[in-house]
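Single-letter residue listing:
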Amino acid sequence: DKKIDTLNAFDKRPKMMNDLVKNVISMEGFQRVDSDAKGLADKLSEFLPGLSGAPQAFGGTPSGINWIHANDHFVCRQAHGIPLSALSD
């Protein structure tokens, strides 16, 4: 039940979480670190093309990807015992 779920703060307090995330994204430190990661994001998107250009719930970020989605790809594969794709011959 979303009203009593304590594990997902986005379900329990959506406005508070939306405001919090937008505030973090707007901070100079976040913008700088995410900008520094743009090259890595571009390389990762070559292998996981769905990351690039995917909608971002809180507006765009300098790297252009949602890092949680990128992380979820690897966590889900590990959790389901699916090997990582070979990135080269």
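Between its terminal C-alpha atoms helix α5 (residues 67–79) stretches 18 Å, which fits the 18 Å expected from 13 residues at 1.5 Å a residue. Capping the start of α5, N66 holds a side-chain oxygen 2.9 Å from the backbone nitrogen of I68, two or three residues further along. Backbone geometry just after α5 places G81 at a positive phi near 65°.

Moving on: the confidence of the model for the chain. In this model, the chain carries an average pLDDT of 85, and 89% of its residues clear a pLDDT of 70 or more. Across the chain, element-level confidence peaks in helix α3 (residues 28–36) with a mean pLDDT of 96 and bottoms out in helix α1 (residues 9–12) with 80.

Okay, the pattern of salt bridges next. Scanning the entire structure with this criterion turns up three salt bridges. A salt bridge links K15 to D19; its shortest N-O distance comes to 2.7 Å. Here D19 and K15 lie together in helix α2 (residues 14–26), a separation of four residues that amounts to about one turn. Classification of K15 by relative accessible area gives exposed; the value is 60%. The residue R32 makes a salt bridge to E28 at a minimum N-O spacing of 3.4 Å. A residue pair is termed a helical-turn pair when its members lie 3 or 4 positions apart in one helix, as R32 and E28 do in helix α3 at four residues. Judged by its relative accessible area of 55%, E28 falls in the exposed class.

Okay, the packing of helix α4 (residues 38–47) against α5 next. Relative orientation of the contacting elements α4 and α5 amounts to 45°, with a least axis distance of 12 Å. In terms of orientation, α4 and α5 fall into the oblique class. Relative to α5, α4 is oriented so that their crossing is left-handed. For the pair formed by α4 and α5, the contact residues are L40, A41 and L44 on the first element and W67, A70 and F74 on the second. Here the residues of the contact of α4 with α5 sort into six nonpolar, no polar and no charged.

Conventions used here
- Residues numbered from 1 in each chain as written.
- Predicted model: local features only at pLDDT ≥ 70, side-chain atom pairs only at ≥ 80, totals over all residues.
- Heavy atoms only, no water.
- Helix = DSSP H or I, 4+ residues; strand = E, 2+ residues; numbered from the N terminus.
- Expected span 1.5 Å × (residues − 1).
- Polar contact = N/O pair within 3.5 Å; in protein donor to acceptor, adjacent residues only side chain to side chain.
- pLDDT = per-residue confidence, 0-100.
- Salt bridge = Lys/Arg side-chain N within 4 Å of Asp/Glu carboxyl O.
- Buried < 20%, exposed > 50% of the residue type's maximum accessible area, 1.4 Å probe, protein only.
- Axes fitted to C-alpha atoms, helices over the stretch in contact; angles between N-to-C directions.
- Parallel < 35°, antiparallel > 145°, perpendicular 65-115°, else oblique.
- Left-handed = near helix turned anticlockwise from the far one by under 90°.
- Contact = heavy atoms within 4.5 Å.
- Nonpolar A, V, L, I, M, F, W, Y, C, P; charged D, E, K, R; others polar.

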